[in-house]
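# A structural walkthrough
Residues per chain are reported as follows:
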Amino acid sequence: MRRPQLDIQLKTPDQIEKMRAAGLVVAEALRRMREAVAPGVSTADLDAIAESTIREAGAVPSFKGYHGFPASICSSVNEQVVHAIPSPAQVLREGDLISIDCGAVLDGWHGDAAITVGVGEVDPALLKMAAVAEDAMWAGIAAAARGAASGRGRLTDISHAVENAVRRGGRYGIVDGYGGHGIGTEMHQDPHVLNHGRPGKGPRLVPGLALAIEPMITMGSPRTVELADGWTVVTRDGSMAVHVEHSMALLPDGVWVLTAFDGGRARLGDLVTARQPADSPAI
């Protein structure tokens, strides 16, 4: 079923189960890449780990070939915000910060998530920024769950919650023009989910809605520029950036974070649907 105004695809609980399977493939790929991040590892090495993990699971990398994108992950290092192309020449160094975005499609359904990882010993201020972005992501997901439960939630409640969490965390730039999105039988669907804004606007938050929530913040200006490769987005002022993301879906009895091994239970508690077993491991 699709809502005509924005062509929003609402999923049945069974379809969300299929999205969960795709989400777990992404979660495992990110877990393996997180373990592999170290000085001397190239972003192409991480891409190879992602592709092998996804294909071993019987899935296909969502990113590879998407509008001509040549890899299975986006591997954005330091001032790179999003969409950086992995390369054997980009070798991680002590103190770097890398954001890894990964997607997989399994049986026609997509999963999409991103993590930011420090390389070796990293400036604590950078690790704090990454933690603030993660907290903001979870704040947005919680706002979605509460809004759906109340029956009064609107899309920009998520945006407002993300922005508030970032502002509470410190003086960071919230990247404009990029944000979250609907997800399902395509990787990017309506609606676009900004990481800032006033609450109470946009489509209603209802069961069946599946979204990727993905804050992107910087240590300096939120302004960005796209490089000549047509993909890599960097901060205009050269400041460091972070990007995190989870795919989530709303069900009649709660939210399911489809790309988290524990479904979001550790961060969201009873907001998580009963379809996610309470004893699932948080990784």
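Scroll up to find the structure this text is about.
Here the structure is a predicted model, which means the values were calculated and not measured. Position numbers for residues start from 1 in each chain and track the written sequence from start to end. Per-residue local features of the predicted model are confined to residues with pLDDT of at least 70, and side-chain atom pairs are confined, for both listing and counting, to 80 or more; whole-chain, interface and lining totals are unaffected and use all residues. Side-chain calculation: all heavy atoms of the structure are included, whereas hydrogens and water are not.

## Quick word on the sheet that holds strand E13 (residues 224–226)
One bridge is not enough; two strands pair if DSSP finds at least two bridges between them. Secondary structure elements are taken from DSSP: a helix is a run of H or I of four residues or more, a strand is a run of E of two residues or more, and numbering for both begins at the N terminus. Pairing within the open sheet is antiparallel, and its three strands lie in the order E5-E14-E13. Looking at the sheet topology across the chains shown, the edges are occupied by strand E5 (80–82) and E13. The mean inter-strand angle of the sheet, taken between neighbouring strand axes irrespective of direction, is 40°. Across three bridges, E13 lies against strand E14 (residues 233–235) in antiparallel orientation. Each residue of the ladder has a partner; that of Val225, found in E14, is Val234. Note on geometry: axes are C-alpha line fits, over the in-contact stretch for helices, and angles between N-to-C directions span 0 to 180 degrees.

## Points about the side chain of Asp112
Mapped onto the fold, Asp112 is located in strand E7 (residues 109–118). Any residue under 20% of the maximum accessible area for its type is buried, any over 50% is exposed, and the rest in between are partly exposed; the area is computed with a 1.4 Å probe on protein chains only. A residue counts as positive if it is Lys or Arg and as negative if it is Asp or Glu; His and the chain ends are not included. Criterion for a salt bridge: a side-chain nitrogen of Lys or Arg within 4 Å of a carboxyl oxygen of Asp or Glu. Of the buried charged residues, Asp112 lacks a salt bridge, with Lys11 as the closest side chain of opposite charge at 12 Å. Pairs of N or O atoms within 3.5 Å make up the polar contacts considered here, provided that, within protein, one atom can donate a hydrogen while the other can accept it, and that residues adjacent in sequence are counted only when both atoms are side-chain atoms. A polar contact is formed between the side chain of Asp112 and the side chain of His181, at a distance of 3.2 Å. The residues contacting Asp112, other than those within four sequence positions of it, are Val26, Phe63, Asp101, Cys102, Gly103, His181, Ile183, Met187, Glu245, His246, Ser247 and Thr259. Contacts between residues were defined by any pair of non-hydrogen atoms, one from each residue, lying within 4.5 Å.

## Some remarks on the environment of Gly200
Topologically, Gly200 is positioned in the loop between strand E10 (189–193) and strand E11 (210–213). The exposure class assigned to Gly200 is partly exposed, which follows from its relative accessible area of 47%. C-alpha of Gly200 to C-alpha of Gly153: the two residues are 47 residues apart in sequence and 6.9 Å apart in space. Discounting residues that sit within four places of it in the chain, Gly200 has contacts with Arg154, Thr156 and Asp157.

## A look at the state of the cysteines
Pairs of cysteine sulfur atoms within 2.5 Å are identified as disulfides in what follows. The full count for this structure, using the stated rule, is zero disulfides. With no disulfide of its own, Cys74 has Cys102 as its nearest cysteine by sulfur position, at a separation of 9.4 Å. Residue class for Cys74 comes out buried when judged on its relative accessible area of 7%.

## Things to note about helix H2 (residues 43–56)
Between its first and last C-alpha atoms H2 spans 20 Å; for 14 residues at 1.5 Å apiece the expected length is 20 Å, and the two agree. Tucked inside the fold, the buried residues of H2 contact helix H1 (13–36), strand E3 (60–61), strand E4 (73–77) and strand E6 (97–106). Gly58 lies just past H2 and shows a positive phi near 80°. Working rule for helices: expected span equals 1.5 Å times residues minus one.

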